[in-house]
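In case you want the letters, here they are:
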Amino acid sequence: MTVFACVGCGAALTVPVRRVALPAHAHQDAWHDFLGVLMEAGTFAVEPHRSGSPWRDWDEAEGQAQGLYAPVFALSLGPAGSVVIAPGDVRGTALIGGRDDGYCLGLTGGVDGPNLGCEQCGRPVATRIDDCSYWQAVWLDPGAVVAREDGADPVDDWADLRGLRPGTPPVEQQGHWDLRWTAAVGVALAHLVAAADGARIVMPAGLTTEVFQRSLDSLLPVQERPFEPGPEWPGPEWPGDRVQERPVGSGRGLPEKRVVMAGPGVPVDPEADILLVPRHPQTGESWPSPGATPVAPLEWDVWVWLAFTRDRRPVPGAGAMPDDALRDDPLPLHPHTPFRPDARAFHATLARLPAVREPWLRAIYDGQRRVRYAYSL
C-alpha cells in the first residue's frame, strides 16, 4: 500500500491506496452529463504522459519527445506522472481560495492550477475535479507529493480475475451506453485499425459486432456481408447484429482480416488474423498471447463481459436453464441508440501508435481529427 504525503511538511494527504492501471476513460468528458467517480476507493493510478496546463500549439519535435507520432490540437507542457485518486481517499487538504474555475456546477482546475492545498503548510498539492461533464477525481501534483510505500501490492493472477471482476454491464438503467464502454472501445478500436493494415476487419458476431463493426466499416474498406449467428451472443438480436449491405470500398484491395477474442478461459484460434485480448486491471499489461498474431488490448471489465456474459438470470424452481436459453423476464437492457465509440480516446490512442505514420493510416487519422469537437465516432 502507498500513502502520499506533502513534499514540504510531510503531512499525509491520502489514506493507504494500492496502484492499478490508469482507466481508459481517465480523460474522458461528456457534454453536460453527470459522471461518477473515476477511481475505485482505495486505489490510485499514474498518468505516464505529460498532462494539464500549460498548453502550446503542435510542435513536431516536442510531440515526438512526448511519444506522439501525429499532430494533436494542443501539447501539454504540464508534468508527467500525475497521480489520480478518488476524492474520498484524500486527507489533510483544503480548497484554495480564488482557485475555483469551472463551468457551471463544480471545479475543473483547468485554468488556475491546483485548487487543493496542504492543510498543514498551505502548499498547493492537488486538483479536485467535480464539475459536470467530467469524472470526479483528485489529481495529485507529482512535484508536490511524495509516495511512502509499505511493500509491493499483490497482483491478481489472470486465472482469478474472472471471479474477482465479472465485468461492467454495457447499458445503464436509463438505456444509455455506459461511457466506460465507449472509451474502452475507442482505445481498442485504434489498435484494431492500426493492425488492419488497410484491410477490412470482421468482428465476432453478436454484441462484439454491435460495439465495433459500425465504426470499423466507416473507417476501413467495406463489402457485403450477411449476418451470421454465433455463440458470442445467442439471444435476441441487438440493433447492430444485422450488418447492412454496403458497396465494396476501393480500399487497398486487401482481403478481410478476422478478429477473434483470446484471453484467460478463451483459447487462441490459430486461424485468427488479430486477437482481441484483455488488459490487466492492475498492471495495464495486455494478456500475453502466444505467437506473432497482432493483438488489440481491451479494458478487462469490457472484455470479460463480451467473452462470457450471456445476460442469463437465475430463475425460481427446480432444474436449470439450458445454455442456449435467455430469460425474458425481466427483459435484458437494450440501448436507445447505436453504439458510438469515444472519438477522443480513439484519436489520443492512434496518435501514440507508430503505425499512424503510414500514409493510409495517417489519412484516416487526419480525416477524423478535422472534427475537433466530436465526442463520438
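In this text, all values refer to a predicted model and were calculated from it rather than measured experimentally. For every chain, the first residue of its written sequence is number 1, and the numbers climb from 1 along that sequence. Residue-level local features of this predicted model are given only where pLDDT is at least 70; pairs of side-chain atoms are given and counted only at 80 or more, and the full residue set underlies all totals for whole chains, interfaces and linings. The basis for the side-chain values is all heavy atoms of the structure; hydrogens and waters are excluded.

Enquirer: Can you break down the overall build of the protein chain residue by residue, with the values?
Expert: By the criteria applied, helices consist of DSSP H or I runs no shorter than four residues and strands consist of E runs no shorter than two, each listed in order from the N terminus. On a plain count of helices and strands, the protein chain comes out with seven helices and 15 strands. For the exposure calls, accessible area comes from a 1.4 Å probe over protein chains only, and a residue counts as buried if that area is under 20% of its type's maximum, exposed if over 50%, partly exposed in between. Looking at the protein chain as a whole, 47% of its 377 residues qualify as buried. Contacts are residue-level and defined by heavy atoms, with any inter-residue pair within 4.5 Å sufficient. Excluding contacts between residues fewer than 6 apart, the proportion of contacts in the protein chain whose partners are at least 24 apart in sequence is 64%. Summing over all exposed atoms, the protein chain offers an accessible surface of approximately 18400 Å²; the carbon and sulfur share of this is 52%. Accessibility throughout is a Shrake-Rupley quantity obtained with a 1.4 Å probe, and a residue counts as covered only by protein chains that appear here.

Enquirer: Give a detailed account of the pattern of salt bridges, specifying residues and quantitative values.
Expert: Side chains bearing opposite charge may pair, as long as their charged atoms lie close to each other. Salt bridge, as used here, is a side-chain nitrogen of Lys or Arg placed within 4 Å of a carboxyl oxygen of Asp or Glu. The tally for this structure, following the rule as stated, stands at 12 salt bridges. A salt bridge links Arg 344 to Asp 29; its shortest N-O distance comes to 3.3 Å. With a gap of 315 residues between them, Arg 344 in helix H6 (residues 343–350) and Asp 29 in the loop between strand E2 (18–19) and strand E3 (43–50) connect regions that are remote in the sequence. Residue Asp 269 is joined to Arg 258 by a salt bridge in which the shortest nitrogen-to-oxygen separation is 3.0 Å. Highlighted residues: Asp 269 in the loop between strand E13 (257–261) and strand E14 (274–279) and Arg 258 in strand E13, separated in sequence by 11 residues.

Enquirer: Quick rundown of the confidence of the model for the protein chain? Include the residues and the values.
Expert: Note: pLDDT gives the predictor's confidence per residue, expressed from 0 to 100. Looking at the protein chain, pLDDT values average 85 and 83% of them are 70 or higher. The model gives residues 222–252 a pLDDT under 50, and that stretch makes 64 contacts with residues more than four places away or in other chains.

Enquirer: Can you lay out the nonpolar core for me, pointing to particular residues and giving the numbers?
Expert: As used in this record, nonpolar core signifies buried Ala, Val, Leu, Ile, Met, Phe, Trp, Tyr and Cys residues forming a set joined through side-chain atoms within 4.5 Å. Formed by 59 residues in total, the largest nonpolar core has its most connected members in Val 193 and Phe 212. In terms of residue count, helix H3 (residues 179–196) provides more of this core than any other element does, 11 residues in total. Those residues in contact with Val 193, other than ones at most four positions away along the chain, are Ile 201, Leu 216, Leu 219, Leu 220, Phe 346, Trp 360, Leu 361 and Ile 364. Counting residues in hydrophobic clusters, the runner-up holds 19 residues, among them Leu 13, Val 46, Ala 126 and Val 145.

Enquirer: Please set out the sheet that holds strand E15 (residues 295–299) residue by residue, giving values where relevant.
Expert: The sheet built from four strands is open, its strands ordered E12-E13-E14-E15 with parallel pairing. Across the chains shown, the open sheet's two edge strands, defined by having one partner strand only, are strand E12 (201–202) and E15. If DSSP finds at least two bridges between two strands, the strands pair. Bridge analysis of E12 against E13 gives two bridges, and the strand direction is parallel. Bridging from a neighbouring strand, Val 202 pairs with Arg 258 of E13. Simply put, an axis is a line fit to the C-alpha atoms, just over the touching stretch for a helix, and the angle between two N-to-C directions goes from 0 to 180 degrees. Across the sheet, helix H5 (residues 300–308) lies against E13, E14 and E15, angled at about 100° from E15, the strand it touches most.

Enquirer: If you had to explain the sheet that holds strand E8 (residues 116–118) to someone new, which residues and values would you point to?
Expert: Read from one edge to the other, the open sheet built from seven strands follows the order E2-E3-E6-E10-E9-E8-E7, with strand pairing classed as mixed. At either end of the open sheet lies a strand with only one pairing partner, and these are E2 and strand E7 (93–95). The pairing of E2 with E3 spans two bridges and is parallel. Of the residues in E3, the one forming a bridge with Arg 18 is Thr 43.

Enquirer: Give me the environment of Gln 120: which residues, what numbers.
Expert: With respect to the element layout, Gln 120 can be found in the loop between E8 and strand E9 (124–129). C-alpha of Gln 120 to C-alpha of Gly 8: the two residues are 112 residues apart in sequence and 9.6 Å apart in space. If sequence neighbours within four positions are ignored, Gln 120 has contacts with Cys 9 and Ala 11.

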